[in-house]
Amino acid sequence: MRTALFRPVIAMITLTVLAATAGCGTDAPPASPVRFDDGPKAGAALHTSTKGRHSLVQWPSRPITFTEQRRVGGAGRNTPIGMTTLHGPKSGFTGKVWVWAPPEYYDKRNADKGFPVMEALPGAYGYPVNYWIGSDLKLQENLAQWSKDGTSLPFIVVMPVLNPDNKQYYDGSDIPGRPKIGTWLSQDVPDLVRQNFRTLKTRDAWAIMGSSSGGFAALKNVLQNPGTFKVAIPNGPDIVPDSPLWNGHAREERENNPEALARRLIARGGPPVYLAFQDGSQEHTVLPKVHRFIAQYGRGPVRTRLQIVPGGTHSAATYVRGLGEGTMRWVSAHMQGPTA
């Protein structure tokens, strides 16, 4: 099932890997270092001191230097995407992470403001790269344009690898005896963003998006960690765990099942989470499962919306279209924008 669903995505990953490695021979120029923020500037710190402890801004605590991967053109105004290898202190897992800040982040008028964050997860194995960095999908270019048009908030985007290898699926979870990918995605990666960017001290400013297997991880993580993420954008997602690595760990598998997590969140009455499902109209295998999940669990604190992309398939290109056809407007309406 997964192999058939992921064929378009795997092809896209291959193209992205080739694009990312092109020109990396001995004669290629060295990649440029990128530093996104060095913490509070004197003027900004003075300005926000009037708000004191009531400020929502979380200033960078331990900024590092990233390696530039590419520049985002168009409305992206030549802003850089940077990459680093993160040694996750909480998960113990080491993997690559790519980051991007929108053009508004660099504007002087926003120097004292924190920004919302979107964690973007790929489909298939999501290793060794995250295909959302690719210039073919233009995720960042589109987000910049939608922000300029007023149909989306300006998001910082963080794009980690989804799996520790390309041989097994780990369901974005802490499977016993395996790398703690759940902790990596829900704690280590967000901590890296907080250490390097002006973010906000509220879950209202955190979203997680993913496609296919990454869509499952996004759905599961917002239901499992509603104190961290308020919004998920599950694109063509799996609904229940199905990694063979769960064999012998039935209890832990249930603890990472979005259906069980949704029932638990509904029973305790919140906090509210917003699930912006996206599917192509031709996703005949996935779409009925999404409809059933919404019918069963889209109530109480579990707020849902489904964007069906006409003629769309199980592909990242379809989901980018959906983002611009209403999803980002709905998501942004339920999130905190840049503020001091």
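Residues numbered from 1 in each chain as written. Predicted model: local features only at pLDDT ≥ 70, side-chain atom pairs only at ≥ 80, totals over all residues. Heavy atoms only, no water.

Asks: Would you explain the packing of aromatic side chains in this entry?
Replies: Between two aromatic rings, the relevant description is the distance of the centres plus the angle of the planes. All told, the structure shown has 11 aromatic pairs when counted by the stated rule. With 5.9 Å between their ring centres and 65° between their planes, Y274 and W330 make a pair best called edge-to-face. Of this pair, Y274 sits in strand β11 (residues 273-280) while W330 is found in helix α9 (residues 316-333), placing the two residues 56 residues apart along the sequence. The two residues Y274 and W330 agree in class, both being buried. Among the aromatic side chains, those forming a connected cluster through ring pairs are F36, F66, Y105, Y106, F115 and F197. The ring of W206 is capped by R194, whose NZ or CZ atom sits 4.7 Å from the centre of that ring. We note R198 situated over the ring of Y105; from NZ or CZ to the ring centre the distance is 4.0 Å. (Phe/Tyr/Trp six-rings, centres within 6.5 Å; stacked < 30°, edge-to-face > 60°. Helix = DSSP H or I, 4+ residues; strand = E, 2+ residues; numbered from the N terminus. Buried < 20%, exposed > 50% of the residue type's maximum accessible area, 1.4 Å probe, protein only. Lys NZ or Arg CZ within 6 Å of the ring centre and 35° of its normal.)

Asks: Any chance you could explain the confidence of the model for the protein here in plain terms?
Replies: Confidence in the prediction for the protein averages 90 pLDDT; 87% of positions are at 70 or higher. Element-level mean pLDDT values for the protein span from 40 in helix α1 (residues 2-21) up to 99 in strand β7 (residues 156-160). For the stretch residues 42-50, pLDDT sits under 50, and the model shows 7 contacts to residues farther than four places along the chain or on other chains. (pLDDT = per-residue confidence, 0-100. Contact = heavy atoms within 4.5 Å.)

Asks: Sorry, what's going on with unusual backbone geometry here?
Replies: For residues that are not glycine, phi is negative in most cases, and the peptide bond is trans in most cases. With an omega of 5°, the peptide bond between Y127 and P128 qualifies as cis. Residues G270 and P271 are joined by a peptide bond in cis, for which omega reads 10°. You can see P271 is positioned in the loop between α7 (258-268) and β11. Here the phi dihedral of K138 falls at roughly 55°; this positive angle occurs in a residue that is not glycine. Inspection of the secondary structure puts K138 in the loop between β6 (117-121) and α3 (139-149).

Asks: Please clarify how the sheet that holds strand β3 (residues 66-72) should be interpreted in this entry.
Replies: By definition, the strands of a sheet pair up through backbone hydrogen bonds, in either a parallel or an antiparallel sense. The sheet built from 10 strands is open, its strands ordered β1-β3-β4-β5-β7-β6-β9-β10-β11-β12 with mixed pairing. Where the open sheet ends on each side, the last strands, each with one partner, are β1 (33-34) and β12 (302-309). Pairing geometry for strand β4 (residues 79-87) and strand β5 (residues 94-100), over 7 bridges, is antiparallel. Residue pairing across strands places T85 opposite K96, the latter belonging to β5. Docked against the sheet, helix α4 (residues 181-196) engages β3, β4, β5, β6, β7 and β9 (206-211), running at close to 135° with respect to β7. (Pairing = 2+ DSSP bridges. Axes fitted to C-alpha atoms, helices over the stretch in contact; angles between N-to-C directions.)

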